[in-house]
Amino acid sequence: MQDIGSRRPGGPAAPGDAWWRGAAIYQLYVRSFADGNGDGIGDLAGVRARLPYLAALGIDAIWFNPWYPSPMSDAGYDIADYRSIEPVFGTLADADLLIGEAHALGIRIIIDIVPNHGSDQHPWFQAALASAPGSAERGRFWFRPGRGPDGDLPPNNWRSIFGGPAWTRVTEPGGTPGQWYLHLFAPEQPDFNWANEDVRAEFEDVLRFWFNRGADGIRIDSAALLTKDPSLRDVGPDEPPGPAHPYSDRDDVHEVYRSWRAVADAYPGRLLIGEIWIPDAARLARYVSPGELHTVFNFPYLSCAWDAARLRAVIDHTLQLHAPVGAPATWVMSNHDVDRVVSRYGRADTSFGLDRRDHSRPVDLELGTRRARAAALLTMALPGSVYVYQGEELGLWEVEDIPDELRQDPIWHRTGGGDPGRDGSRVPLPWAGLEPPFGFSPPGAAAQPWLPQPKEWRDLTADIETGDPDSMLELYRTALRIRHAQPALGDGPMTWLPAPGGVLAFDRGTGVRCVCNLSSAPIDLPEHAALLLASGPLAHGKLPPDTTVWLRPAGAA
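Rules of the game
Residues numbered from 1 in each chain as written. Predicted model: local features only at pLDDT ≥ 70, side-chain atom pairs only at ≥ 80, totals over all residues. Heavy atoms only, no water. Helix = DSSP H or I, 4+ residues; strand = E, 2+ residues; numbered from the N terminus. Rg over C-alpha atoms; globule rule 2.2 N^0.38 Å. Buried < 20%, exposed > 50% of the residue type's maximum accessible area, 1.4 Å probe, protein only. Contact = heavy atoms within 4.5 Å. Areas by Shrake-Rupley, 256 points an atom, 1.4 Å probe, with all protein chains shown as cover. Expected span 1.5 Å × (residues − 1). Arc of directions from axis to C-beta. Phe/Tyr/Trp six-rings, centres within 6.5 Å; stacked < 30°, edge-to-face > 60°. Lys NZ or Arg CZ within 6 Å of the ring centre and 35° of its normal. Pairing = 2+ DSSP bridges. Axes fitted to C-alpha atoms, helices over the stretch in contact; angles between N-to-C directions. Core = buried A, V, L, I, M, F, W, Y, C linked by side-chain atoms within 4.5 Å. Parallel < 35°, antiparallel > 145°, perpendicular 65-115°, else oblique. Nonpolar A, V, L, I, M, F, W, Y, C, P; charged D, E, K, R; others polar. pLDDT = per-residue confidence, 0-100.

Peer 1: Break down the overall build of the protein for me, citing the residues and quoting the values.
Peer 2: For the protein, the helix and strand inventory stands at 15 helices and 18 strands. Relative to the globule expectation of 24 Å for 557 residues, the C-alpha radius of gyration of the protein, 24 Å, shows essentially globular dimensions. Oriented by its inertia axes, the alpha-carbon framework of the protein measures out at about 80 × 55 × 50 Å. Burial statistics for the protein: of 557 residues in total, 60% are counted as buried. Long-range pairs, those at least 24 residues apart, make up 67% of the contacts in the protein with a sequence separation of at least 6. Carbon and sulfur atoms form 54% of the exposed surface of the protein, whose accessible area is close to 20200 Å².

Laid out in structure tokens, this is it:
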């Protein structure tokens with residue numbers, strides 16, 4: 001596979017090439033990106049056809065959500081084979097072609113690995129079901145006898161993240177009720193036992209498999225949950241993650257990532273990213289200690305309200321915690337698990353929490369769009385790497401009115417509709433045309449898109465936004481182009497500037513000044529040599545509320 005350098009379009013990679021420190025990374029959810037064969041589901045052929053769009057957007061890398069063979073009980077996060085491609089998406093040969101074509105365009109490829117759990121159809125789990133209690137096959141998972149006189153109660157009180165108990169009882173080969181197995185997510189997603197040497201060796205080999213095929217990075221799903229207390233003690237309802245917690249953010253998980261880092265370091269320029277939902281930023285920073293992961297997702301920033309004081313606190317805390325270990329910060333506004341930012345910023349409560357997803361609240365889409373544009377420039381001006389979730393660059397909103405019978409997310413099903421789930425952020429993208437499927441599927445497609453698209457998205461297709469200077473797409477293209485052209489942006493220092501209440505202002509080196517007005521009144525712009533970019537029109541030379549500008553400071557070269 002072709003190696004590419006640290007800046008697009010790139011040069012030769014070299015040991016120590018830390019391209020990710022200031023990269024713009026595009027999250028691509030394959031099922032919803034582009035359908036190449038007309039079956040209503042996105043695939044690798046569709047992605048390959050749209051690679052020029054991504055190159056024109058100006059991103060440095062694509063992060064793919066899981067593309068492996070899967071029964072799709074959780075949209076691919078229940079993996080049956082970590083070394084192949086889901087047939088609905090394509091073949092391993094298609095993946096090889098995609099990696100090569102992306103590299104030729106100067107785009108790196110990051111793939112998702114799900115190490116906490118696999119599919120109940122994984123050969124290892126099928127072998128465990130066919131084996132006796134205490135067998136080596138069952139030792140790769142968490143099989144335990146139940147409590148109570150007949151073993152008909154779960155081994156402990158742990159609850160599934162998707163709702164309901166975290167344990168399911170199996171029927172033994174002889175037909176009798178048997179042991180229980182642990183699944184922190186759905187019953188179709190049994191947890192691996194990371195105290196087992198087979199498990200550790202297997203996943204290190206999976207990393208090598210994909211690095212050898214040209215993958216440039218690995219994103220690690222649910223990275224804090226791998227290791228469990230072997231005593232499987234009950235957990236308190238409000239017990240925070242940490243070393244004493246029975247399954248979240250335990251100290252022994254760091255042993256795993258030190259081993260993974262050794263694997264990655266054998267391949268120049270390879271990246272390890274952790275998905276870690278931990279509110280304690282100090283504990284989050286431990287994962288990027290020397291010799292562990294390179295970066296972690298910044299969920300405190302993603303979850304933060306549209307409020308100047310709160311955002312500044314998150315930014316300061318993030319930078320302070322990363323600085324001592326020399327790790328770059330990451331800045332993320334949305335992803336496939338959270339409500340789209342246009343909708344969130346259009347609500348009265350602009351913060352987000354997985355435990356309080358609520359689609360019953362009014363949404364002001366005009367306000368949300370204005371704030372999302374401002375947030376995009378704020379985010380891309382911060383020091384470190386930035387993530388763009390597909391459709392964010394089009395200004396798509398959360399689809400909250402999907403008919404119940406069409407919903408796919410197990411969260412919605414396992415909570416009886418109490419949690420609306422994540423389908424609304426996973427609706428297929430609109431590319432062109434005035435009616436669904438908006439170019440997502442080819443003409444004459446045999447099936448409708450796997451989730452319905454709002455008819456109002458006809459005004460947000462990539463085709464109609466291209467060339468429109470006021471569109472979200474052209475804002476992102478321009479911002480990413482400036483971000484590449486300005487050495488001060490991306491990785492590097494930043495300096496806060498004095499600003500009125502409700503305003504964030506900072507310099508990136510001596511070449512770029514960012515001013516974001518989150519207050520309710522227009523403000524005067526500081527003295528400047530040039531206006532580089534604005535998220536919205538100025539008002540008689542003033543910066544309106546919910547608007548961000550990039551300036552060249554007065555006196556800058």
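Peer 1: Residue-level account of helix α4 (residues 92-104), with values.
Peer 2: For an α-helix, 3.6 residues make a turn, and residues three or four places apart therefore share a direction. End to end, α4 covers 19 Å across 13 residues, agreeing with the expected 18 Å (1.5 Å per residue, within 8%). Along α4, the positions that sit buried rather than exposed are Ala95, Leu98, Ile99, Ala102 and His103. Down the axis of α4, the sector holding all buried residues measures 130 degrees, keeping them to one side. For α4, the elements touching its buried residues are α2 (44-49), α3 (51-57), β2 (61-64) and β3 (108-113).

Peer 1: Go over the packing of aromatic side chains, please, and point to the residues and values.
Peer 2: Under the defined criterion, the tally for this structure stands at 34 aromatic pairs. Positioned over the ring face of tryptophan 450 is arginine 31, at 4.4 Å from the centre of the ring. Geometry around phenylalanine 143 places arginine 138 over its ring, the cationic atom sitting 4.6 Å from the centre.

Peer 1: If you had to explain helix α15 (residues 472-485) to someone new, which residues and values would you point to?
Peer 2: A rise of 1.5 Å per residue sets the reference length of α15, with its 14 residues, at 20 Å; its end C-alpha atoms lie 20 Å apart and thus fit the reference within 8%. With eleven of 14 residues buried, α15 is to be regarded as a mostly interior element. Of the residues making up α15, those classed as buried are Met472, Leu473, Glu474, Leu475, Tyr476, Arg477, Thr478, Ala479, Leu480, Ile482 and Arg483.

Peer 1: So, the sheet that holds strand β12 (residues 495-496): which residues are in play, and what are the values?
Peer 2: With respect to topology, five strands assemble into an open sheet ordered β12-β13-β14-β18-β16, the strand pairing being antiparallel. Looking at which strands have only one partner, the edges of the open sheet turn out to be β12 and β16 (528-534). Direction of pairing for strand β13 (residues 503-508) relative to strand β14 (residues 512-517): antiparallel, over a ladder of six bridges. In the strand pairing of β14, aspartate 507 is matched with arginine 513. Contacts from α15 reach β16 and β18 (547-553) within the one sheet, and its direction differs from that of β16 by about 135 degrees.

Peer 1: Give a detailed account of the environment of phenylalanine 506, specifying residues and quantitative values.
Peer 2: Position of phenylalanine 506 among the secondary structure elements: in strand β13. For phenylalanine 506, a relative accessible area of 0% translates into the label buried. Separated by 196 residues in sequence, phenylalanine 506 and arginine 310 have C-alpha atoms that sit 16 Å apart. Beyond its immediate chain neighbours, meaning those up to four positions away, phenylalanine 506 contacts Leu378, Ala381, Leu382, Met494, Thr495, Trp496, Leu497, Val512, Arg513 and Cys514.

Peer 1: Describe the nonpolar core, with residues and values.
Peer 2: Counting residues in hydrophobic clusters, the biggest one holds 130 residues, and the most contacted among them are Tyr26, Leu54, Phe64, Trp67, Tyr257, Trp260 and Trp550. A total of eight residues in this core trace back to one element, the largest contributor, which is helix α12 (residues 365-381). Formed by 16 residues, the second largest nonpolar core is a distinct cluster that contains Ala23, Trp63, Val332 and Tyr387.

Peer 1: Tell me about the packing of α12 against α15, and name the residues and values.
Peer 2: Put simply, α12 and α15 touch, their axes get as near as 10 Å, and they point 10 degrees apart. Overall, the two elements α12 and α15 adopt an arrangement that is roughly parallel. The segment α12 lies against α15, with Thr369, Ala372, Arg373, Ala376, Leu377 and Met380 engaging Met472, Leu475, Tyr476, Ala479, Leu480 and Arg483. Counted by class, the contact of α12 with α15 contains nine nonpolar, one polar and two charged residues.

Peer 1: Residues and numbers for unusual backbone geometry, please.
Peer 2: For the bond running from proline 436 to proline 437, omega is 10 degrees, close enough to zero to count as cis. Topologically, proline 437 is positioned in the loop between α13 (410-414) and α14 (462-465). The phi torsion at methionine 72 lies on the positive side, around 65 degrees, for a residue other than glycine. Tracing the chain through its elements places methionine 72 in the loop between β2 and α4. Given the relative accessible area of 22%, methionine 72 is considered partly exposed.

Peer 1: Lay out the confidence of the model for the protein with the relevant residues and their values.
Peer 2: Confidence in the prediction for the protein averages 94 pLDDT; 97% of positions are at 70 or higher. Confidence over residues 1-13 falls short of pLDDT 50; this stretch has 36 contacts with residues more than four positions distant or in other chains.

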